[in-house]
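Understanding the architecture of this molecule
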Amino acid sequence: MRLLHTSDWHLGRSFHRVNMLAAQAEFIGHLVTTVRERAVDAVVVSGDVYDRAVPPLAAVELFDDALHRLADLGVPTVMISGNHDSARRLGVGAGLIGRAGVHLRTEPSAAGTPVMLADAHGDVAFYGLPYLEPALVKDEFGVEKAGHEAVLAAAMDRVRADLAPRARGTRSVVLAHAFVTGGEPSDSERDITVGGVAAVPAGVFDGVDYVALGHLHGCQTLTDRVRYSGSPLPYSFSEAGHRKSMWLVDLDADGSVGAERVDCPVPRPLARIRGMLEDLLADPEHARHEESWVEATLTDPVRPADPMARLTERFPHTLSLVFDPDRTEDDPDVSYARRLAGRSDQQIAEDFVAHVRGAGPDAHEQGVLRDAFDAVRADETVREVAR
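All figures in this text were calculated on a predicted structure; none of them were measured in a lab. (Residues numbered from 1 in each chain as written. Predicted model: local features only at pLDDT ≥ 70, side-chain atom pairs only at ≥ 80, totals over all residues. Heavy atoms only, no water.)

Digging into unusual backbone geometry
Basically, it comes down to this: Numbering of helices and strands starts at the N terminus; helices are DSSP runs of H or I of at least 4 residues and strands are runs of E of at least 2. Only protein chains enter the accessibility calculation, which uses a 1.4 Å probe. A residue is then buried if its area is under 20% of the maximum for its type, exposed if over 50%, and partly exposed in between.
Unusually for a residue other than glycine, Arg17 sits at a positive phi of about 80 degrees. Considering the arrangement of structural elements, one finds Arg17 in the loop between strand S2 (14-15) and strand S3 (18-19). Under the relative-accessibility criterion, Arg17 is labelled exposed at 65%. Even without a glycine there, the phi angle at His215 is positive, about 125 degrees. Mapped onto the secondary structure, His215 falls in the loop between strand S10 (210-214) and strand S11 (220-223).

The structure is reproduced here in structure tokens:
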């Protein structure tokens, strides 16, 4: 069985004020063409279909167009909700849509109920594990302490329990939306840390033939059987080095996996350039970036006059300007933002306690802070979905 694995469409998202809807529509067309020309048997979409719980109308219309085009191909599609999606909204009409061959899996309670497809070699069971917000699903899965590993492990127990009595030779595919250990994040994913832990071990998914992951925006291979497709389009300059693609996966009769990357259309390349303004404007090495979307980091010791206007004369698609003069870390003028770069909310809060009290929080106080951050994040998720 040949699968096309994609995820993280983020329909409705812009890129530094650039509307990406036309590029997203081009990607949908590319996906449909790939399915038709490469003899794909099933499409899997591993979450974050939309960029937010209540997407703009234009994004909903594009999704509706994608559903119709996929259904018209007569090729089954299995799709789960991600942490950016409203599971309840995305799942509206799932029963009816399923009759057209597009199977939406947005309910955690259905984790152990597969979509059954078949090829010449027998059945393939597709299990959709939507994004599992630990605080919201721990009771459903009967886990005492809310955490990503605990709820995913419980969901996978249901998958294995359903798979065990099925006919020998039944192959299995799991769709999941999670941060799995070994994956490389970018700046454009929403933080899903719970209790100070964001990642779960790949071993949670043992016992199935292929795991189609979503959430991280870079295409990645964690094992031969566990892969991220990444987002089809860039959504931050941290993705400048990404090759945007989908996985074309061949699932053989014995469950062995072969995979090939299929490149996605690039609306415009990304470039990150750094240096003093006059050097950036004069350096012939940067000629190749003149038609790229550009993030320019200026290292001048004093902020130059009209830097954006001058940059856009050479790089008309400059979208981001960062001022980061070359200074030592102990320089009093090092920016607050720079000092906080790469630090989690938990670490920043602990530093604040140490600053005002003269000593950092003890283990109990660290736990209180973690619980507070987890409660706020879970509450924000509930309120966003309820909008």
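Here we look at the nonpolar core
When a protein is soluble and globular, its nonpolar side chains tend to lie buried together. Quick reminder of the rule: Throughout, nonpolar core names a set of buried Ala, Val, Leu, Ile, Met, Phe, Trp, Tyr and Cys residues whose side chains join them through atoms within 4.5 Å. Pairs of residues are marked as contacts when any of their non-hydrogen atoms sit within 4.5 Å.
The biggest cluster of nonpolar side chains holds 32 residues, and the ones touching the most others in it are Leu129, Phe141, Leu152, Met156, Val174, Phe205 and Leu213. Going through the elements one at a time, strand S8 (122-129), helix H5 (134-141), helix H6 (148-163), strand S9 (171-177), S10 and strand S12 (226-228) are the ones with two or more residues in this core. The element contributing the most residues to this core is H6, with seven residues. The residues touching Leu213, leaving out its near neighbours within four places in the chain, are His5, Ser7, Ser46, Ala176, Val180, Phe205, Leu222, Val226, Arg227, Tyr228 and Ser229. In this structure, Phe27, Val35, Val45 and Leu90 belong to the second largest nonpolar core, which totals 28 residues.

With respect to the sheet that holds strand S6 (residues 102-105)
Which entries qualify depends on this criterion: Criterion used throughout: strands pair if DSSP finds at least two bridges between them. Lines fitted to the C-alpha atoms define the axes, with helices restricted to the stretch that makes contact. Angles between their N-to-C directions range from 0 to 180 degrees.
Here we have six strands laid out as an open sheet, ordered S6-S5-S4-S1-S13-S14, and mixed in their pairing. The open sheet has two edge strands with one neighbour each: S6 and strand S14 (257-263). For this sheet the average axis-to-axis angle between neighbouring strands, irrespective of direction, equals 20 degrees. Where strand S5 (residues 77-80) lies against S6, four bridges are found, and the strand directions are parallel. Note on S6: the bridge partner recorded for Ile80 is Arg105. Sheet strands in contact with helix H1 (residues 21-37) are strand S1 (2-6), strand S4 (42-46), strand S13 (245-251) and S14, and its direction is about 170 degrees off that of S1. Docked against the sheet, helix H2 (residues 57-73) engages S4, S5 and S6, running at close to 150 degrees with respect to S5.

Observations concerning the sheet that holds S10
Strand order in the open sheet formed by six strands is S7-S8-S9-S10-S12-S11, with mixed pairing between adjacent strands. Each end of this open sheet is capped by a strand with a single partner; those strands are strand S7 (115-119) and S11. Across the sheet, the axes of successive neighbouring strands diverge by a mean angle of 20 degrees, strand direction being ignored. One ladder, built from six bridges, connects S8 with S9; its direction is parallel. Bridging from a neighbouring strand, Phe126 pairs with Val173 of S9. Taken strand by strand, H6 contacts S8 and S9, and its axis lies near 160 degrees from that of S8.

Describing the pairing of strand S16 (residues 293-298)
Test applied: Look down the strands so they point away from you; if going from the first strand over the helix to the second traces a clockwise path, that crossover is right-handed.
Summarising burial for S16: six of the six residues are buried, a large majority. Burial along S16 is two-sided: the face carrying Trp293, Glu295 and Thr297 and the face carrying Val294, Ala296 and Leu298 are both buried. Across six bridges, the pairing between strand S15 (residues 270-275) and S16 is parallel. Bridge pairing in S16 links Arg272 to Glu295. Crossover connection from S15 via helix H7 (residues 277-282) to parallel S16: handedness right-handed. As paired elements, S16 and strand S17 (residues 318-323) share five bridges and run parallel to each other. Note that in S17 the partner of Glu295 across the bridge is Ser320.

Some details on H6
Every α-helix carries 3.6 residues per turn, so stepping three or four residues along brings you back to the same face. Our working rule: Expected helix span is taken as 1.5 Å per residue step, with the number of steps being one fewer than the number of residues.
A rise of 1.5 Å per residue sets the reference length of H6, with its 16 residues, at 22 Å; its end C-alpha atoms lie 22 Å apart and thus fit the reference within 8%. Here H6 has its buried residues at His148, Val151, Leu152, Ala154, Ala155, Met156, Val159, Asp162 and Leu163.

Overview of empty space enclosed by the protein
Applied cut-off: A cavity, in this analysis, means grid points on a 1 Å lattice covering only the protein atoms where a 1.4 Å probe fits yet has no way out; a pocket is instead an open set bounded by protein on both sides within 12 Å along at least five of seven lines, and a residue lines either one if it has an atom within 4 Å of a point. Grid points are joined across faces, edges and corners, and a volume is the space filled by probe spheres set on the points. For this classification, the nonpolar set comprises Ala, Val, Leu, Ile, Met, Phe, Trp, Tyr, Cys and Pro, the charged set comprises Asp, Glu, Lys and Arg, and every other residue, Gly included, is treated as polar.
This model, assessed by the stated rule, comprises one cavity of 30 Å³ or more. Estimates place the volume of the largest cavity at around 40 Å³. Taken together, the residues of the lining of the largest cavity break down into five nonpolar, two polar and no charged.

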